[in-house]
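Architecture at a glance
Here is how the chains run, residue by residue.
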Amino acid sequence: MTETSGRGREETQEERADRQWSELLQELRVAQTGVQILFGFLLAVVFQSRFEELGDVDRNIYVVTVMLGSATAAALIGPVSYHRLLTGRRMKPETVIWASRMTVLGLVLLFCTMCSTLLLILRVALHNETALWLVGGMALWFLICWFVFPLWAIARGHSGPRETDTDDMDDMDSTGDRGRGA
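Residues numbered from 1 in each chain as written. Predicted model: local features only at pLDDT ≥ 70, side-chain atom pairs only at ≥ 80, totals over all residues. Heavy atoms only, no water.

1. Overview of the overall build of the chain
Counting its regular elements, the chain contains five helices and zero strands. Going from the N terminus to the C terminus, the chain shows its helices and strands as α-α-α-α-α. Counting only residues that meet the buried cut, the chain has 34% of its 182 residues in that class. Expressed as a percentage of contacts within the chain between residues at least 6 apart in sequence, the contacts between residues at least 24 apart total 72%. If you sum the accessible surface of the chain, you get close to 11,500 Å²; carbon and sulfur atoms cover 63% of it. (Helix = DSSP H or I, 4+ residues; strand = E, 2+ residues; numbered from the N terminus. Buried < 20%, exposed > 50% of the residue type's maximum accessible area, 1.4 Å probe, protein only. Contact = heavy atoms within 4.5 Å. Areas by Shrake-Rupley, 256 points an atom, 1.4 Å probe, with all protein chains shown as cover.)

Put into structure tokens, the structure is as follows:
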């Protein structure tokens, strides 16, 4: 059965879920690569000789940054595990919804990880409060690029509801199962 819902795209719910999953995988590839490089850098820092020279505040920032990096990696790699464990169970639309949510969480955690990393590096490099101002400015830039611009596009584009949040969730009963016996 083909659905159009006035969106101009004719595809079944399963085709839509497959398309959305493919799009999400492409997005995750970009984010995961950056996270893996950043996390690898963070893990190597502790083994550098200058690490011993860090004060308590900078060591605490480092620990927080490594934990944030770990949480970011988990959130951005999580959709792959979710998909793998649910493959073949006819739950692709639900998988896409939850993987998308995990990806947004991963982006928020990546924002925090990058700000924390910048804070650590700039504190070590500058040894003054200028580091906080620079991190604050960059945090604002991240927010604008990652969240404000997309939200602004939604507001200006007069877009309708997200297809995964409306069509897929409406078909589920209160237990999270599809009413048609999936």
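2. Section: the environment of Leu 43
By secondary structure assignment, the location of Leu 43 is in helix α1 (residues 13–45). On a C-alpha basis, the gap between Leu 43 and Val 66 in space is 7.3 Å, while along the polypeptide they are 23 residues apart. Not counting chain neighbours up to four residues away, the residues in contact with Leu 43 comprise Tyr 62 and Val 66.

3. Concerning the side chain of Thr 95
With respect to the element layout, Thr 95 can be found in helix α3 (residues 92–126). Apart from residues lying up to four places away in sequence, Thr 95 is in contact with Trp 21, Tyr 82, His 83 and Leu 86.

4. Describing α3
Taking 1.5 Å per residue as the helical rise, α3 with its 35 residues ought to reach 51 Å, and the 49 Å between its terminal C-alpha atoms agrees with that figure. Looking one or two residues beyond α3, the residue adopting positive phi is His 127, at roughly 55°. (Expected span 1.5 Å × (residues − 1).)

5. Side note on the confidence of the model for the chain
With 82% of its residues at a pLDDT of 70 or more, the chain shows a mean pLDDT of 83. By mean pLDDT, helix α5 (residues 163–170) is the weakest element of the chain at 47, and helix α4 (residues 130–157) is the strongest at 94. Of the regions scoring below 50 in pLDDT, residues 165–182 engages in 31 contacts with residues more than four places distant in sequence or in other chains. (pLDDT = per-residue confidence, 0-100.)

6. A short note on the layout of surface pockets
Within this model, the second largest pocket holds a volume of roughly 350 Å³. What lines the second largest pocket is a set of 15 residues, and nearest its centre among them are Val 45, Arg 50, Phe 51, Leu 54 and Val 124. For the lining of the second largest pocket, the secondary structure elements donating two or more residues are α1 and α3. At four residues, α1 tops the list of elements feeding residues into the lining of the second largest pocket. Considered class by class, the residues forming the lining of the second largest pocket number nine nonpolar, three polar and three charged. (1 Å grid on protein atoms, 1.4 Å probe; cavity = no way out; pocket = protein on both sides within 12 Å on 5 of 7 lines; lining within 4 Å. Points joined across faces, edges and corners; volume = space filled by probe spheres on them. Nonpolar A, V, L, I, M, F, W, Y, C, P; charged D, E, K, R; others polar.)

7. Quick notes on a nonpolar patch on the surface
Judged by side-chain polarity, Met 138, Trp 141, Val 148, Phe 149 and Trp 152 come together as a nonpolar surface patch covering roughly 530 Å² of accessible area. Topologically, Trp 141 is positioned in helix α4. (Patch = residues over 30% accessible without salt bridge, like charges linked within 9 Å, V, L, I, M, F, W, Y side chains within 5 Å. Salt bridge = Lys/Arg side-chain N within 4 Å of Asp/Glu carboxyl O.)

8. Examining the pattern of salt bridges
Counted according to the given criterion, the structure contains seven salt bridges. Put simply, Lys 92 and Asp 18 hold a salt bridge, and the shortest N to O gap is 2.7 Å. Of this pair, Lys 92 sits in helix α3 while Asp 18 is found in helix α1, placing the two residues 74 residues apart along the sequence. By relative accessible area, Lys 92 is classed as partly exposed at 24%. You can call Asp 18 partly exposed: its relative accessible area is 38%. With a shortest N-O distance of 2.5 Å, Arg 123 and Asp 58 are connected by a salt bridge. With Arg 123 in helix α3 and Asp 58 in helix α2 (residues 56–86), the pair connects residues that are 65 residues apart, well separated along the chain. Since its relative accessible area comes to 11%, Asp 58 is described here as buried. Connected through salt bridges with shared partners, the residues Glu 11, Arg 16, Arg 19 and Glu 23 form a single ionic network.

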